[in-house]
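Inside the fold
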Amino acid sequence: MDTQIATRSVQRVVTGMPTSDGAGVRLTRVIGQPQLPDLDPFLMLDEFGTDKPEDYIAGFPDHPHRGFETVTYMLDGRMRHRDNHGNEGVLVPGSVQWMTAGRGLVHSEMPEQQAGRMRGFQLWLNLPARDKMTAPRYQEFGPERIPTAIPAEGVRVKVIAGRVAGIAGPILQPATDPTYLDLALRPGAQFVQSLPPDYAAFVYVFEGSLRIGADPGAKAVRAHELAVLGEGEAIRLTGVSAGEDGETARAILVAGRPLREPVAKYGPFVMNTREELQQAFADFQSGKF
Ligand code: CO
């Protein structure tokens, strides 16, 4: 196989935008900001990471969602989730909550701690028109339910969704067929992941640095940069410099099948048409969520 043809290259590198959301939580918006409004089927990616309680303590009080999925992956800290259908749980370090908002729910996401570090990601993933009004559902997994693959020396992969070296993640979502990997690479270690060539894919580095693509033409990507990948059969990553543990670079690799449908988006509602958005507002205001 000619890796020059098969390997995806970095199309562009995007830096997140500092912002605040909820009741004043400071975070970095990487997808869903002017530089990168969306990356079909991905609507938003927020990174939150701070040791200062004042940056997160206000949390995300009651707010609605309709028409898409929110994926919360905690690295550090604890967050309590509660919705208006009686669902409740605490997200602990290493856990994942894959919430299908479907036709609608109202929930809160509040820190379950007064001090210490809070760190993780929230990704918004679109639903196809046929699934937007589906019943809300949760796929919630503690850290012990997220399998680890060691596909090569110096490479550790937590498989949240998708498949690495024969190890499958627990998340099921046939519409967008997502891959969501938490990667740790020692300097010089190499990881190659095959994916359908037309799937949207990005790598977000959160500690240390990596090279992405095949040489010549591989590109260095540093912590807090997102690489949008072009089409191709495989993604190739090489560890360059280590992050906090002094041993590995850390990144998430996320990919999925584009929906190629019109997107009508306003705040926490993501539908296909303006009329559906207006209906979402009316249904929320009349308590139908
Ligand atoms: Co929410």
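An account of the accompanying structure is given in this report. (Residues numbered from 1 in each chain as written. Predicted model: local features only at pLDDT ≥ 70, side-chain atom pairs only at ≥ 80, totals over all residues. Heavy atoms only, no water.)

Observations concerning the coordination of the cobalt ion
- Within the protein, His63 (NE2), His65 (NE2), His107 (NE2) and Glu109 (OE) serve as the donor atoms for the cobalt ion, at 2.1 to 2.6 Å.
- Geometry at the cobalt ion is irregular, judged from its 4 donor atoms and the angles of 82 to 178 degrees they form at the metal.
- Within one chain, the residues serving as donors to the cobalt ion are arranged as H-x1-H-x41-H-x1-E. Accessibility assignment for this pair places His63 and His65 in one class, buried. (Donors = N, O, S within 2.8 Å, 3.2 Å for Na, K, Ca; no water. Tetrahedral: all angles 85-135°; square planar, octahedral: opposite > 155°, others 65-115°. Buried < 20%, exposed > 50% of the residue type's maximum accessible area, 1.4 Å probe, protein only.)

Describing unusual backbone geometry
- Going from Asp40 to Pro41, the amide bond is cis rather than trans, its omega being 15 degrees.
- Positionally, Pro41 belongs in the loop between strand S3 (25-31) and strand S4 (42-50).
- Residue Pro216 is bonded to the preceding Asp215 through a cis peptide linkage, with omega at -5 degrees.
- Positionally, Pro216 belongs in the loop between strand S20 (209-212) and strand S21 (219-222).
- Despite not being glycine, Asp177 shows a phi value in the positive range, around 45 degrees.
- Within the fold, Asp177 resides in the loop between strand S16 (167-168) and strand S17 (179-185).
- You can call Asp177 partly exposed: its relative accessible area is 36%. (Helix = DSSP H or I, 4+ residues; strand = E, 2+ residues; numbered from the N terminus.)

Comments concerning the layout of surface pockets
- The volume enclosed by the largest pocket comes to roughly 440 Å³.
- Class assignment for the residues of the lining of the largest pocket results in 11 nonpolar, 9 polar and 6 charged.
- If you trace the second largest pocket, you find it lined by Pro18, Thr19, Arg26, Leu27, Thr28, Glu47, Phe48, Gly49, Thr50, Lys52, Asp55 and His224.
- Looking at the lining of the second largest pocket, the elements with two or more residues in it are strand S2 (17-21), S3 and S4.
- Residue contributions to the lining of the second largest pocket peak at 4 residues, all from S4.
- Here the residues of the lining of the second largest pocket sort into 3 nonpolar, 5 polar and 4 charged. (1 Å grid on protein atoms, 1.4 Å probe; cavity = no way out; pocket = protein on both sides within 12 Å on 5 of 7 lines; lining within 4 Å. Points joined across faces, edges and corners; volume = space filled by probe spheres on them. Nonpolar A, V, L, I, M, F, W, Y, C, P; charged D, E, K, R; others polar.)

Some details on the nonpolar core
- The biggest cluster of nonpolar side chains holds 29 residues, and the ones touching the most others in it are Leu45, Phe121, Tyr180, Phe202, Tyr204 and Leu226.
- Sort the elements by how many residues they give to this core and strand S19 (residues 200-207) lands first, with 4 residues.
- In terms of nonpolar packing, the next biggest core, distinct from the first, is built from 26 residues, Ala149, Leu181, Leu195 and Ile212 among them. (Core = buried A, V, L, I, M, F, W, Y, C linked by side-chain atoms within 4.5 Å.)

Comments concerning empty space enclosed by the protein
- A full pass over the atoms with the stated rule returns 1 cavity of 30 Å³ or more.
- Here the largest cavity defines a volume of roughly 50 Å³.
- Lining the largest cavity are Val25, Arg26, Phe48, Thr50, Tyr56, Gly59, Phe60, Met79, Pro111 and Met118.
- Within the residue set of the lining of the largest cavity, elements represented by two or more residues are S3 and S4.
- Split into classes, the residues belonging to the lining of the largest cavity amount to 7 nonpolar, 2 polar and 1 charged.

Topic: the pattern of salt bridges
- Applying the stated criterion to the full structure yields 18 salt bridges.
- Between Asp46 and Arg29 there is a salt bridge, and its shortest N-O distance comes to 2.7 Å. Here the residue Asp46 occupies a position in strand S4, and Arg29 occupies one in strand S3, the gap between them amounting to 17 residues. Arg29 matches Asp46 in its accessibility class, with the two residues each being buried.
- Asp198 is the partner of Arg260 in a salt bridge, and the nearest nitrogen-oxygen pair spans 3.8 Å. Taken as a pair, Arg260 in the loop between strand S24 (249-256) and strand S25 (264-266) and Asp198 in the loop between strand S18 (190-194) and S19 lie far apart in primary sequence, 62 residues in all.
- Looking at Arg260, the relative accessible area reads 60%, which means it is exposed. (Salt bridge = Lys/Arg side-chain N within 4 Å of Asp/Glu carboxyl O.)

Some points on the packing of aromatic side chains
- Tallying each qualifying case throughout the model produces 10 aromatic pairs.
- For the pair Phe121 and Phe206, a centre-to-centre distance of 5.4 Å together with 65 degrees between the ring planes defines the contact as edge-to-face. One end of the pair, Phe121, is in strand S11 (residues 118-126); the other, Phe206, is in strand S19, with 85 residues separating them in the sequence. For the pair shown, Phe121 and Phe206 are each scored as buried. (Phe/Tyr/Trp six-rings, centres within 6.5 Å; stacked < 30°, edge-to-face > 60°.)

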